[in-house]
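One-letter residues, chain by chain:
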Amino acid sequence: CRFSESPRTETKMTIGLKSWRFSQPILEKCKVLFAGPHFQSAIPMTSRLIESRGLLEQIEIVHAPTDQDIRDKASCAHVAIPFMQRFGADFFSPELTPKLRLVVQFGVGLEGVDIGAASENGIAVSNVPGSMSGNAEATSEHAVFFAHINAEAPE
């Protein structure tokens, strides 16, 4: 998240006719929505990291373990981390997520995110491949396994 103490001249980043929401500074505490019941250990780990870097005044984690929590808390989020939670087109509506700028997934697994709907609403979507998550290795093993089965499968 980018922060600003005072309003600045805005430089808009556009692709086609859409303006990306992250091109505008955040003038309040950046709220990061941790969505769904998966990977709960990431919350205290991230909280410790935020604290150790002296960022408690700038970043707040918003925990939303249920679908109802996600709907109730999404309106305040600037960043959303799906953690295997599905984010369909309705999630990216300006009414539900007016402040949302970025959806970021640690590791693989953006198939549950409607990237087209996010882009249409000026919300960037990204993943952060992580060697520590085990996802890269597991995904590679899975691909090799299926390639091996397909190579041996009778026609």
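What this report covers is the structure whose coordinates are included nearby. (Residues numbered from 1 in each chain as written. Predicted model: local features only at pLDDT ≥ 70, side-chain atom pairs only at ≥ 80, totals over all residues. Heavy atoms only, no water.)

## A short note on the overall build of the protein chain
Next, step 1: When helices and strands are counted, the protein chain shows four helices and seven strands.
Next, step 2: The helix and strand sequence of the protein chain, counted from the amino end, reads β-β-β-α-β-α-β-β-α-β-α.
Next, step 3: Summarising the internal contacts of the protein chain: among those between residues at least 6 apart in sequence, 54% fall at separations of at least 24.
Next, step 4: On the protein chain, roughly 9800 Å² of surface is accessible, and the fraction owed to carbon and sulfur atoms is 58%. (Helix = DSSP H or I, 4+ residues; strand = E, 2+ residues; numbered from the N terminus. Contact = heavy atoms within 4.5 Å. Areas by Shrake-Rupley, 256 points an atom, 1.4 Å probe, with all protein chains shown as cover.)

## Quick word on the side chain of Ser-93
Next, step 1: In this fold, Ser-93 is placed in the loop between strand E5 (79-81) and strand E6 (102-106).
Next, step 2: Of the residues examined, Ser-93 reaches a relative accessible area of 19% and is grouped as buried.
Next, step 3: From its side chain, Ser-93 meets the backbone oxygen of Asp-90 in a polar contact 3.2 Å long. (Buried < 20%, exposed > 50% of the residue type's maximum accessible area, 1.4 Å probe, protein only. Polar contact = N/O pair within 3.5 Å; in protein donor to acceptor, adjacent residues only side chain to side chain.)

## Focus on unusual backbone geometry
Next, step 1: The phi torsion at Phe-39 lies on the positive side, around 55 degrees, for a residue other than glycine.
Next, step 2: Among the structural elements, Phe-39 can be located in the loop between strand E3 (30-35) and helix H1 (42-52).
Next, step 3: With phi around 80 degrees, Met-84 is a residue other than glycine that occupies positive phi space.
Next, step 4: As for its placement among the helices and strands, Met-84 is situated in the loop between E5 and E6.
Next, step 5: Taking the relative accessible area as the measure of exposure, Met-84 reaches 48% and is therefore partly exposed.

## Focus on the sheet that holds E3
Next, step 1: The strand order E4-E3-E5-E6-E7 describes an open sheet built from five strands, whose pairing is parallel. Two strands lie at the open edges of the sheet, namely strand E4 (59-64) and strand E7 (124-128), each paired on one side alone. Ignoring which end each strand starts from, the neighbouring axes of this sheet average 25 degrees apart.
Next, step 2: Pairing of E5 with E6, which is carried by two bridges, proceeds in the parallel orientation. Among the inter-strand pairings, Ala-80 is bridged to a residue of E6, identified as Val-103. (Pairing = 2+ DSSP bridges. Axes fitted to C-alpha atoms, helices over the stretch in contact; angles between N-to-C directions.)

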